[in-house]
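The chain contents come next:
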Amino acid sequence: MGEDLISKKELLELTGISYGQLYRWKRKNLIPEEWFIKKSTFTGQETFFPKDRILDRIEKIKDMKGDVSLDDLANMLSPNLMETVLESEKLVERNIVSKTTMNFYTQKRGDVEKFAFEKMLYLYILDKMFESGKINFDEGELILGLLEEEYSKFKGKGGELLFLRKLGISSCCLVSNVCDIYFEESMKIIERLNLSDLIEELKIKIA
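Description of the structure in this document. (Residues numbered from 1 in each chain as written. Predicted model: local features only at pLDDT ≥ 70, side-chain atom pairs only at ≥ 80, totals over all residues. Heavy atoms only, no water.)

**Here's the deal with the packing of aromatic side chains**
Line of reasoning, step 1. For the structure on display, the rule yields eight aromatic pairs.
Line of reasoning, step 2. Aromatic pair Phe104 and Phe130: ring centres 5.1 Å apart, planes at 75 degrees, arrangement edge-to-face. Separated by 26 residues along the polypeptide, Phe104 in helix H6 (residues 99-109) and Phe130 in helix H7 (residues 117-132) bring together distant segments of the chain.
Line of reasoning, step 3. Judged by its relative accessible area of 2%, Phe104 falls in the buried class.
Line of reasoning, step 4. Note on Phe130: relative accessible area 13%, which makes it buried.
Line of reasoning, step 5. By way of ring pairs, the aromatic residues Tyr19, Tyr23, Phe36 and Phe49 are connected into one cluster.
Line of reasoning, step 6. Note that Lys26 overlies the ring of Phe36, its terminal NZ or CZ placed 4.5 Å from the centroid. (Phe/Tyr/Trp six-rings, centres within 6.5 Å; stacked < 30°, edge-to-face > 60°. Helix = DSSP H or I, 4+ residues; strand = E, 2+ residues; numbered from the N terminus. Buried < 20%, exposed > 50% of the residue type's maximum accessible area, 1.4 Å probe, protein only. Lys NZ or Arg CZ within 6 Å of the ring centre and 35° of its normal.)

Have a look at this one:
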């Protein structure tokens, strides 16, 4: 179940960008640090990337470069956005999360006037999963509890949230990037969400 990787050499050839562009975009925080994965090969140590995500990101950067400067684009994706605090009403008004998800959170955790980025992320994840129709409110509480208890261990490292079901019993887990996980046949992966992608999506929404 590991994510497909692409080498730096293959990436540069496939996208037509230069080594300098790639590392300039990294310095500008347009490409997350955790996407630069060092691995040992028969020729020595090489850099690899999560294939689908890096190709999608480079395509977006190319598309947006004509309309937005790199500095503006960098500001949109800047880690400083992770220090943003928004009122609960603003999250709903700006369609970052739905009123249904906000009401769910209020019922489970009580009224919260302002949300820091980390809690906004929890709501954003729940909102996507509720919207997909793949989880119910009881399962949402299970996911929320996992994020509140364990997400801090994954901050800055990336990872994935897996939502599983076996014979009608639901479970969820957080796993680190670039790992292989195998389940026995009766365990079904209902949803698999990449935390780094969700963080970048949320940054764009609150920018």
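**Topic: the pairing of strand S7 (residues 169-175)**
Regular strands have side chains that alternate between both faces of the sheet.
Line of reasoning, step 1. By the bridge criterion, seven bridges tie strand S6 (residues 160-166) to S7 in an arrangement that is antiparallel. The residue bridging Leu164 from the neighbouring strand is Ser171, located in S7.
Line of reasoning, step 2. The turn joining S6 and S7, which pair antiparallel and follow one another in sequence, is formed by two residues; a positive phi near 50 degrees is taken by Leu167. (Pairing = 2+ DSSP bridges.)

**Describing the side chain of Thr15**
Line of reasoning, step 1. Structurally, the position occupied by Thr15 is in helix H1 (residues 8-15).
Line of reasoning, step 2. Dropping the residues within four chain positions of it, Thr15 is found in contact with Leu55, Ile58 and Lys62. (Contact = heavy atoms within 4.5 Å.)

**Considering the nonpolar core**
Line of reasoning, step 1. Leu91, Ile125, Met129, Ile143, Leu161 and Leu202 are the most contacted members of the largest nonpolar core, which has 35 residues in total.
Line of reasoning, step 2. Looking at this core, the elements that each hand over two or more residues are H6, H7, helix H8 (137-150), S6, S7 and helix H9 (195-206).
Line of reasoning, step 3. Among the elements that take part in this core, H7 stands out by supplying ten residues, more than any other.
Line of reasoning, step 4. Apart from the residues lying within four places of it in its own chain, the contact partners of Ile125 are Leu147, Leu161, Leu193, Leu195 and Leu198.
Line of reasoning, step 5. Ile6, Tyr23, Ile31 and Trp35 belong to the second largest nonpolar core, which has 16 residues in total. (Core = buried A, V, L, I, M, F, W, Y, C linked by side-chain atoms within 4.5 Å.)

**Structural notes on the sheet that holds S7**
Line of reasoning, step 1. Strand order across the open sheet formed by three strands is S7-S6-S8, with antiparallel pairing between neighbours. Strands with a single pairing partner mark the edges of an open sheet, and in this sheet they are S7 and strand S8 (187-194). Adjacent strand axes in the sheet meet at a mean angle of 20 degrees, parallel and antiparallel pairs treated alike.
Line of reasoning, step 2. On the sheet, H7 packs against S6 and S8 and is oriented at approximately 130 degrees with respect to S8.
Line of reasoning, step 3. Packing against the sheet, H9 makes contact with S6, S7 and S8, and its axis sits at approximately 40 degrees to S8. (Axes fitted to C-alpha atoms, helices over the stretch in contact; angles between N-to-C directions.)

**Quick look at the side chain of Glu139**
Line of reasoning, step 1. In this fold, Glu139 is placed in helix H8.
Line of reasoning, step 2. For Glu139, a relative accessible area of 9% puts it in the buried group.
Line of reasoning, step 3. Here Arg165 takes part through its side chain, which lies 3.0 Å from a polar atom of the side chain of Glu139.
Line of reasoning, step 4. Aside from chain neighbours lying at most four places away, what touches Glu139 is Lys134, Phe163, Arg165 and Ser170. (Polar contact = N/O pair within 3.5 Å; in protein donor to acceptor, adjacent residues only side chain to side chain.)

**What about H8?**
Line of reasoning, step 1. Compared with an ideal rise of 1.5 Å per residue, which puts 14 residues at 20 Å, H8 spans 20 Å between its outermost C-alpha atoms and is within 8% of the ideal.
Line of reasoning, step 2. Taken together, the buried residues of H8 touch H6, H7, S6 and S7.
Line of reasoning, step 3. A distance of 3.1 Å separates the backbone nitrogen of Asp138 from a side-chain oxygen at the start of H8, and that oxygen is part of Asn136. (Expected span 1.5 Å × (residues − 1).)

**Describing the environment of Arg165**
Line of reasoning, step 1. As for its position among the elements, Arg165 is in strand S6.
Line of reasoning, step 2. Overall, Arg165 belongs to the partly exposed group, its relative accessible area being 24%.
Line of reasoning, step 3. Sequence-distant contacts of Arg165, defined by excluding residues within four places in its chain, comprise Lys134, Ile135, Glu139, Ser170, Ser186, Met187, Lys188 and Ile190.
Line of reasoning, step 4. Looking at Arg165, its side chain comes within polar contact range of the main-chain oxygen of Lys134, at 3.0 Å.
Line of reasoning, step 5. A distance of 3.5 Å separates polar atoms of two side chains, one belonging to Arg165 and the other to Ser170.

By themselves, these are just geometric observations and shouldn't be taken as functional.
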